[in-house]
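Analysis of the macromolecular model
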Amino acid sequence: MKINGILFLLLVFLLSACGGRNQSSQQQTETQIQTPGGTEKPASMANHPGKKVYDSVCLACHMADGSGVPGMHPPLIETDWVTGDKERLIEITLNGMSGKIEVNGETYNSIMPPHSHLSDRQIADVLTYIRQSFGNNASEITVEEVQKVRNK
Amino acid sequence: MKYLLVLMFSILAFACSQHEKTSAKNLTPDTGNGGITLPDGFSALVVADELGRGRHIAVNENGDIYVSLREQNENKGIACLRDTTGDGRADIVEYTGEHTGTGIKLHKGHLYFGADTAVVRYPLQAGELRPGNNWEMIARGFPQERQHEAKPMEFDGQGNMYVTVGAPANACMEQMRTKGSPGMDPCPLLEYAGGIWKFKDDVLNQDQMTDGVRYATGIRHAVANSWNKQVNELYVVQHGRDQLHQFFPEMYDTKESAELPAEEFFLVTEGADFGWPYCYYDQFQEKKVLAPEYGGDREIQERCENKMDPIMAFPAHIGPNDLLFYTGDLFPEKYRNGAFIAFHGSWNRAPEPQSGYFVVFVPFDGAYPSGTWEIFADGFAGTDTVNSTRDAEYRPCGLAQGPDGSLYVVDSNKGKIWRIIYSS
């Protein structure tokens, strides 16, 4: 009985130690995922349905941290193009964009292909995701809002 | 009085010729070589920094340096640099020229400049650092492109100029870079892009389609080009296609997409077809395979069997942006007539870490490499891991050889120039 009690204690101790390690390794992973300037909340956005769309459709050009590629693909961080006018953002996503634009003081003149093949739900999710990730903190975009622009 | 005048003129003449005398032997390299790592015996000094968005670089016989800019700085597109004190660092920096672009070469008393839709030339003026403003049109009529628009040019010394006209596309899909869109067959872009066009080197107002000759085709984009004077042939290094996973996730995972296809080093003979957009080179299978947009399954070759293979394959997406055959005698014998290639660094490897951001060396014997490639200058990115392209502090983009055999490297992020020297 006494030995059982000690064993039980030991077991609890071991389990909690393991749990602790798990937790800390998880924290480590999260820190690694965070971007250099990452002020976003990785825990909340990591499971956002828009992230899945972002990773398969947008990440190749705009990068995992939304920083874009200098001279080629504009960043999605701290820019009115992303956090400002929702309708314009939805339009660009649906129809693509070309021509010179300036983002954060840098000129971009490449082509973004249209993404009208994505569903209204996917577009609402991914645009909400970019508006609330990478340090951005703008309102969400709804399926109805995407629908409205698509049917215009 | 007469003697005094002569003396004064001698002093003036001496002072004026000082910038011509910066030989590598008198140079003191920077501690830490300006942030880059080099093989034993090599060192570097920073010639200039913060010039703007540097692209390519040319160094004149007197040591004057010219850098093309992608975006205007002080409303100009060419940075002109001169060292008057003989320490290798530029103490005069001036901006000139109304064009922005990539290609920049000194040829027949002019500074040739590859603006993105034309090749123009500015006249050099005796004794002056800055070329004259009265530029002339050499070749025009290039397509308005918003990708792969750089127009590097090269000369063969026999009266001809070769200009890369990059294809404004990834793989000639019907709908630009859109998943599920098939490749156009035949690809109509090849009529006016995706190849090298040949012009006369000093005839004005040549039009690409009426005066230019398509010298080689099937080249997606090649910013790195150089005429090898040892064998009298043109060489270029191609930017291979992107986004295999993004458009064909069922065939390529993200890692395979980051590692395919090779960046290809071409010996460009007249009439050669290197296969873009129908084919890409798989450096692991060591063959050209049919692109998935054209029915490829990662292995079948079909029409790609007849396309020209590269003379060397480099890892995918690392962005070869300049090529230089070294003809100086400052560097050890091993480097003589070999090729230096500036790799600008990747973007299309995400979510895998990015790669490139270095200058490699390829030893040559005659027309072909005589050994494998090696990293010559590294550390430009300033960090071990580049996850996003923007993490890289500097990106090597242009190369030039100085009259004393120094190797110059220019960066595209901030416009920093390193001069690499060797002392035994």
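The structure we're discussing is the one just above.
Report follows, based on the coordinates. (Residues numbered from 1 in each chain as written. Chains lettered and ligands numbered in written order. Predicted model: local features only at pLDDT ≥ 70, side-chain atom pairs only at ≥ 80, totals over all residues.)

**As for the overall build of chain B**
- The secondary structure content of chain B amounts to three helices and 29 strands.
- Over its C-alpha trace chain B gives a radius of gyration of 22 Å, about what one expects of a compact globule, namely 22 Å for 424 residues.
- For chain B, the spread of C-alpha atoms along the principal axes amounts to about 85 × 50 × 40 Å.
- Split into buried and exposed, the 424 residues of chain B put 52% on the buried side.
- Counting only contacts in chain B whose residues sit at least 6 apart along the sequence, the fraction spanning at least 24 positions is 56%. (Helix = DSSP H or I, 4+ residues; strand = E, 2+ residues; numbered from the N terminus. Rg over C-alpha atoms; globule rule 2.2 N^0.38 Å. Buried ≥ 20, exposed ≤ 12 C-beta atoms within 10 Å, placed from the backbone. Contact = placed C-beta atoms within 7 Å.)

**What to know about unusual backbone geometry**
All names here are of chain B.
- Cis rather than trans, the peptide bond between Asp-185 and Pro-186 has omega equal to 0 degrees.
- Secondary-structure assignment places Pro-186 in the loop between strand S11 (160-165) and strand S12 (195-200).
- Of note, the bond from Leu-260 into Pro-261 is cis; its omega dihedral lies within 30 degrees of zero at -10 degrees.
- Locating Pro-261 in the fold gives a position in the loop between helix H3 (254-259) and strand S17 (263-268).
- Phi is positive for His-317, close to 65 degrees, though the residue is something other than glycine.
- Mapping His-317 onto the fold places it in the loop between strand S20 (312-314) and strand S21 (320-325).
- Take His-317: there are 28 C-beta atoms within 10 Å of it, and that puts it in the buried class.

**Considering the packing of helix H3 (residues 49-62) of chain A against helix H6 (residues 120-131) of chain A**
All names here are of chain A.
- The N-to-C vectors of H3 and H6 enclose an angle of 95 degrees; their axes lie 7 Å apart at closest approach. As far as their axial angle goes, H6 and H3 are roughly perpendicular. Note on element contacts: H6 touches H3 through Gln-122, Asp-125, Val-126, Thr-128, Tyr-129 and Ile-130, opposite Pro-49, Gly-50, Lys-51, Val-53, Tyr-54, Val-57 and Cys-58.
- Taken together, the residues of the contact of H3 with H6 break down into eight nonpolar, three polar and two charged. (Axes fitted to C-alpha atoms, helices over the stretch in contact; angles between N-to-C directions. Parallel < 35°, antiparallel > 145°, perpendicular 65-115°, else oblique. Nonpolar A, V, L, I, M, F, W, Y, C, P; charged D, E, K, R; others polar.)

**Quick word on the pairing of strand S19 (residues 287-290) of chain B**
All names here are of chain B.
- Relative to S19, strand S18 (residues 279-282) runs antiparallel, the two being bridged by four bridges. Residue pairing across strands places Tyr-280 opposite Val-289, the latter belonging to S19.
- Turn length for the S18-S19 hairpin, with the two strands adjacent in sequence and antiparallel, is four residues, and the turn residue Glu-286 shows positive phi of about 55 degrees. (Pairing = 2+ DSSP bridges.)

**Some points on the pairing of strand S3 (residues 65-73) of chain B**
Residues and elements named next belong to chain B.
- Among the nine residues of S3, seven are classified as buried, and the element is accordingly described as predominantly covered.
- The pairing of strand S2 (residues 54-59) with S3 spans four bridges and is classified as antiparallel. Bridge pairing in S3 places Val-59 opposite Ile-65.
- Counting the residues between successive antiparallel strands, the hairpin from S2 to S3 contains five residues, one of them, Gly-63, with a positive phi of roughly 95 degrees.
- In the sheet, S3 pairs with strand S4 (residues 76-82) via five bridges, with the strands oriented antiparallel. Paired with Ile-65 across the bridge in S4 is Leu-81.
- Between S3 and S4, which follow one another and run antiparallel, lie two residues, and Glu-74 among them has a positive phi close to 50 degrees.

**Some details on the sheet that holds S4 of chain B**
Residues and elements named next belong to chain B.
- As summarised here, the arrangement of the four strands in space is S2-S3-S4-S5, forming an open sheet in which the pairing is antiparallel. Every other strand in the sheet has two partners, leaving S2 and strand S5 (92-96) as the edge strands with one partner each. If you compare each strand with its neighbour and ignore which way they point, the axes differ by 25 degrees on average.

**Comments concerning the environment of Gly-71 of chain A**
- As for its placement among the helices and strands, Gly-71 of chain A is situated in the loop between H3 and helix H4 (80-83).
- The spatial distance from the C-alpha of Gly-71 of chain A to the C-alpha of Thr-107 of chain A is 7.0 Å, given a sequence separation of 36 residues.
- Not counting residues within four places of it along the chain, the set of residues in contact with Gly-71 of chain A comprises Arg-53 and Arg-70 of chain B.

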